Each structure stands twice: as C-alpha cells, then as structure tokens.
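# Secondary and tertiary structure notes
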Amino acid sequence: MNYWLVKSEPFVYSWNDFVTAGKSVWDGVRNYQARNNLQAMKEGDWVLFYHSNEGMEVVGIAQVLKEAYPDPTTDDPRWVVVELVPVQPLAKPVTLKQIKADNRLDQIALIRQSRLSVMPIRPEEFDVILSLSQNEST
DNA sequence: GCCAACGTTGGC
DNA sequence: GCCAACGTTGGC
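Looking at an unreviewed UniProt entry, chain A carries the name Putative RNA-binding protein with PUA-like domain, with the source organism given as Runella defluvii.

Mapped onto the elements, Arg-115 comes out in the loop between helix 4 (109-112) and strand 6 (118-121). C-alpha separation for the pair Arg-115 and Ala-40, spaced 75 residues apart in sequence, amounts to 19 Å.

So, about the protein's contact with DNA strand C. Every residue near DNA strand C is listed here: Lys-7, Tyr-50, Ser-52, Asn-53, Met-56, Leu-96, Lys-100, Ser-114 and Arg-115. Within 4 Å of the protein, the contacting atoms of DNA strand C are 72% sugar and phosphate, with bases supplying the remainder. The side chain of Lys-100 places a nitrogen or oxygen atom 2.5 Å from a phosphate oxygen of DNA strand C.

It is worth spelling out unusual backbone geometry at this point. With a phi close to 65 degrees, Asn-53 is a non-glycine residue in the positive phi region. Mapped onto the fold, Asn-53 is located in the loop between strand 3 (46-51) and strand 4 (57-70). Among the residues examined, Asn-53 registers a relative accessible area of 57% and is labelled exposed. In this structure, Met-56 takes a positive phi of about 50 degrees despite not being glycine. Along the chain, Met-56 falls in the loop between strand 3 and strand 4.

The rules behind these values
- Residues numbered from 1 in each chain as written.
- Chains lettered and ligands numbered in written order.
- Predicted model: local features only at pLDDT ≥ 70, side-chain atom pairs only at ≥ 80, totals over all residues.
- Heavy atoms only, no water.
- Helix = DSSP H or I, 4+ residues; strand = E, 2+ residues; numbered from the N terminus.
- Near = heavy atom within 4 Å.
- Polar contact = N/O pair within 3.5 Å; in protein donor to acceptor, adjacent residues only side chain to side chain.
- Buried < 20%, exposed > 50% of the residue type's maximum accessible area, 1.4 Å probe, protein only.

Right under this line is the structure:
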C-alpha cells in the first residue's frame, strides 16, 4: 500500500468539486516526475488532497480507483491519468504552516519540492498529517 | 503582485 | 552536451 499527495488549485478544481463529481480523472499532468508518480499508483492507494495557492492546506483523503492509462486530453503518448475517488474530508484541514512547523515532516516532498504536483508520502508522514487533522491544538 | 525555485527549450 | 534564456508554479 502506497501513499501520495496531489495538489489542486481550488479555483480550478476544489475538494468540493471533487466530492460533488464523485470521482475524478486526474488529467493535465505535464511533468515527468509527477507522471512517474501517477504511473506508480496502485488501485486502493491512499491520496491526500492538497489545495495550493489558495488555502494551502490538506483538505481530504482520496483513493486510487483506476491505475494509470493514457491521458485522453492529449495525443501525446507520454502523459497518463489516474482516476481518484473522494473518501472523506479531514476533520480539520492541515495547513502548510502546521506541516512546516512539525519536525516529523521535515522530509516531506511537499516542502522539499514545492513545485511538484503529484508526490509520494511516507506512511509515517501520512499518519502524522491524519493525527494533526484530528487535533484542535498543535 | 512579486519573486525564488526549478523545469524546459534552443543555440552553439 | 552545456548553459543561458525563458516559462511556470506556488508561497508570501
């Protein structure tokens, strides 16, 4: 079982849009590293949903519904999509500020590689974020 | 709105 | 193959 984090600008596609739709084809990825991460996703993997630019917080948990296949929005065979389903919103969103302040998350790709839009998360990092989401005071 | 980080492109 | 120029992302 693997863990991931995907970013979305809420103006473009928010967690609420995702929940309303019921599932999402994660298209438009045009970065090789992000693409490689999409290809490594397995059905049932856990995915954190992060709002970039506006919000700057982890807002929900999703799961991989369908593994990588060619991106239907382009003829270019290099790019792929996956399909994701929303599982549940976080009780309390976990902000970038909280993540930066927590030394257990010093190595998280979200901080170390701020421009990457699809990234792997370590199981322990996933657990830390979930615990932060349940804790009113941190 | 600005700028740092970083990926991509293209000239040589 | 190197590197300067340029474009994009995303935090502040």
